[in-house]
Amino acid sequence: IQEKQRGNDALKQQNYKKAIEHYTKSIRARTDYKPSYNNRALAYMKLKEYDKCIANCTYVIEMVKNVDSDQEQTDVNFKAYLRRANALKCKEEYEAAKKDLEIAQSIKPNDGSVKKLIKETKLLHKRVKLRSKLIRQCENDVNLNDFDSVFNLSIEFLTEATSSDIDEWHFETGHSEELLRRLLIFLAKEKKYCVRFA
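Residues numbered from 1 in each chain as written. Predicted model: local features only at pLDDT ≥ 70, side-chain atom pairs only at ≥ 80, totals over all residues. Heavy atoms only, no water.

## Notes on the overall build of the chain
We count it as follows: Secondary structure elements follow DSSP: runs of H or I no shorter than four residues count as helices, runs of E no shorter than two count as strands, and numbering proceeds from the N terminus. Every residue pair with non-hydrogen atoms within 4.5 Å of one another is taken to be in contact.
Check the secondary structure of the chain and you find 10 helices and 0 strands. Considering only residue pairs separated by 6 or more positions, the chain has 57% of its internal contacts joining residues 24 or more positions apart.

What follows is the structure, encoded as structure tokens:
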């Protein structure tokens, strides 16, 4: 427990590697001490080592399921699900993140951090689907010669791109530029398209 406290102190000082060292020592001393795994997961999360974060959280979740089932509704289990969901979200594994968030929310239905993460995950998942759709259509040139398809996809893209929910969203490729270029070509060719766009 002393090593866990040292890990907590290092975590507060944002010395995440040192925190991991202390949590690892704590775990070696007592392999069933779940808070050390959860806190080590948090330190890995801060270092963007998502797979290691997920592994530590999964260990806690499995320990609760298989050994300590009376702890299913505890803060320890809640933190494991919440942190694993966050790491999964960062890896763009949105379906798995949503499942973990549902369990976390069943443990603490009124927790604000769960509600916030659920909202972010849904929004990011929606945007990734839109990005995939845009890339797929641009790469295959599917429906890009049809005004209605280009128009509808452009509106969907522009709505998401100008949404203020998450500031940093953008397409990293030239696909959005290609879509908008095609839209402009349609608008320049025919007045009827300009009226529809307005």
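This is not the end of the story, as more comes after the structure.
## Points about helix α2 (residues 16–29)
Since the α-helix advances by 3.6 residues per turn, residues separated by three or four positions end up pointing in the same direction. Note the cut-off: The span you would expect from a helix comes to 1.5 Å times its residue count less one.
When the terminal C-alpha atoms of α2 are compared, their 20 Å separation across 14 residues agrees well with the 20 Å that a helix rising 1.5 Å per residue should span. On the buried face of α2, the contacting elements are α1 (2–12) and α3 (34–46).

## A word on the pattern of salt bridges
Applied cut-off: Within this document, salt bridges are pairs made up of a side-chain nitrogen of Lys or Arg and a carboxyl oxygen of Asp or Glu, the two lying within 4 Å of each other.
By the definition in use, this model includes 13 salt bridges. With its nearest N and O atoms 3.9 Å apart, the salt bridge here joins Glu-120 to Lys-116. Remark: Lys-116 and Glu-120 occur in helix α7 (residues 112–140); sequence separation between them is 4 residues, near one turn of the helix. Residues participating in the shared-partner salt-bridge network are Asp-51, Lys-91 and Glu-93.

## Some words on the state of the cysteines
The condition is simple: Throughout, disulfides are identified as pairs of cysteine sulfur atoms within 2.5 Å of each other. A simple rule labels every residue: compare its accessible area, found with a 1.4 Å probe on the protein chains alone, to the largest value its type can have, and call it buried under 20%, exposed over 50%, or partly exposed in between.
Applying the stated criterion across every chain, the model contains 0 disulfides. The thiol sulfur of Cys-57 is not disulfide-bonded, and the nearest other cysteine sulfur, from Cys-53, lies at 4.2 Å. Given the relative accessible area of 0%, Cys-57 is considered buried. Unpaired in terms of disulfides, Cys-90 finds its nearest cysteine sulfur in Cys-53, a separation of 8.6 Å.

## Section: the nonpolar core
A general tendency of soluble globular proteins is for nonpolar side chains to be buried together. Put simply, the test is: By nonpolar core is meant a set of buried Ala, Val, Leu, Ile, Met, Phe, Trp, Tyr and Cys residues that side-chain atoms within 4.5 Å join together.
Cys-53, Leu-101 and Val-114 are the most contacted members of the largest nonpolar core, which has 34 residues in total. Those elements giving two or more residues to this core turn out to be α1, α2, α3, α4 (50–66), α5 (75–90), α6 (94–107) and α7. Among the elements that take part in this core, α4 stands out by supplying 8 residues, more than any other.

## With respect to the packing of α1 against α2
In a pair of packed helices, the angle between the axes and the distance between the axes together describe the arrangement. Rules: Between the N-to-C directions of two axes lies an angle of 0 to 180 degrees, each axis being a line fitted to C-alpha atoms and, for a helix, fitted only over the stretch in contact. Just so you know how the angles are binned, under 35 degrees is roughly parallel, over 145 roughly antiparallel, 65 to 115 roughly perpendicular, and the rest oblique. Each crossing gets its hand from how the near helix is turned against the far one by less than a right angle, where anticlockwise is left-handed and clockwise is right-handed. Residue polarity follows a fixed list, in which Ala, Val, Leu, Ile, Met, Phe, Trp, Tyr, Cys and Pro are nonpolar, Asp, Glu, Lys and Arg are charged, and the others, Gly among them, are polar.
With their axes 8 Å apart at the nearest point, α1 and α2 run at an angle of 165° to one another. By the angle between their axes, α1 is roughly antiparallel relative to α2. Here α1 and α2 pass one another in a crossing that is left-handed. Contacts between α1 and α2 pair Glu-3, Lys-4, Arg-6, Gly-7, Asn-8, Ala-10 and Leu-11 from the former with Tyr-16, Lys-18, Ala-19, His-22, Tyr-23, Lys-25 and Ser-26 from the latter. Grouping the amino acids of the contact of α1 with α2 by side-chain chemistry returns 5 nonpolar, 4 polar and 5 charged.

## Observations concerning the packing of aromatic side chains
For clarity, the cut-off: For this analysis, a ring pair means two rings from Phe, Tyr or Trp (six-membered ring only for Trp) whose centres lie within 6.5 Å, classed as stacked if their planes differ by under 30 degrees, edge-to-face if by over 60, and tilted for the remaining angles. In this scheme, Lys NZ or Arg CZ marks a charge over a ring once it lies within 6 Å of the ring centre and within 35 degrees of the ring normal.
In the structure shown here, the tally under the stated rule is 1 aromatic pair. Geometry around Phe-78 places Lys-108 over its ring, the cationic atom sitting 4.7 Å from the centre.

## Concerning the packing of α3 against α5
Remark: α3 packs on α5, axes separated minimally by 10 Å, with the N-to-C direction vectors making an angle of 20°. On the basis of the axis angle, α3 is roughly parallel to α5. As for how α3 packs across α5, the hand of that crossing is left-handed. Where α3 approaches α5, its residues Lys-34, Pro-35, Asn-38, Asn-39, Leu-42 and Met-45 are matched on the opposing element by Val-76, Lys-79, Ala-80, Arg-83, Asn-86, Ala-87 and Cys-90. In terms of residue class, the contact of α3 with α5 is made up of 7 nonpolar, 3 polar and 3 charged.

## Section: unusual backbone geometry
In terms of backbone geometry, most residues other than glycine have negative phi values and most peptide bonds are trans. Despite not being glycine, Gln-14 shows a phi value in the positive range, around 60°. Here Gln-14 shows up in the loop between α1 and α2. Residue Gln-14 is classed as exposed on the basis of its relative accessible area of 58%. In this structure, Lys-48 takes a positive phi of about 65° despite not being glycine.

## Re α5
With 16 residues, α5 should reach 22 Å at 1.5 Å per residue; the first-to-last C-alpha distance of 22 Å fits that figure. The set of residues buried in α5 consists of Asn-77, Phe-78, Ala-80, Tyr-81, Leu-82, Arg-83, Arg-84, Ala-85, Ala-87, Leu-88 and Lys-89. Once α5 ends, the next one or two residues include Glu-92, with phi positive near 65°.

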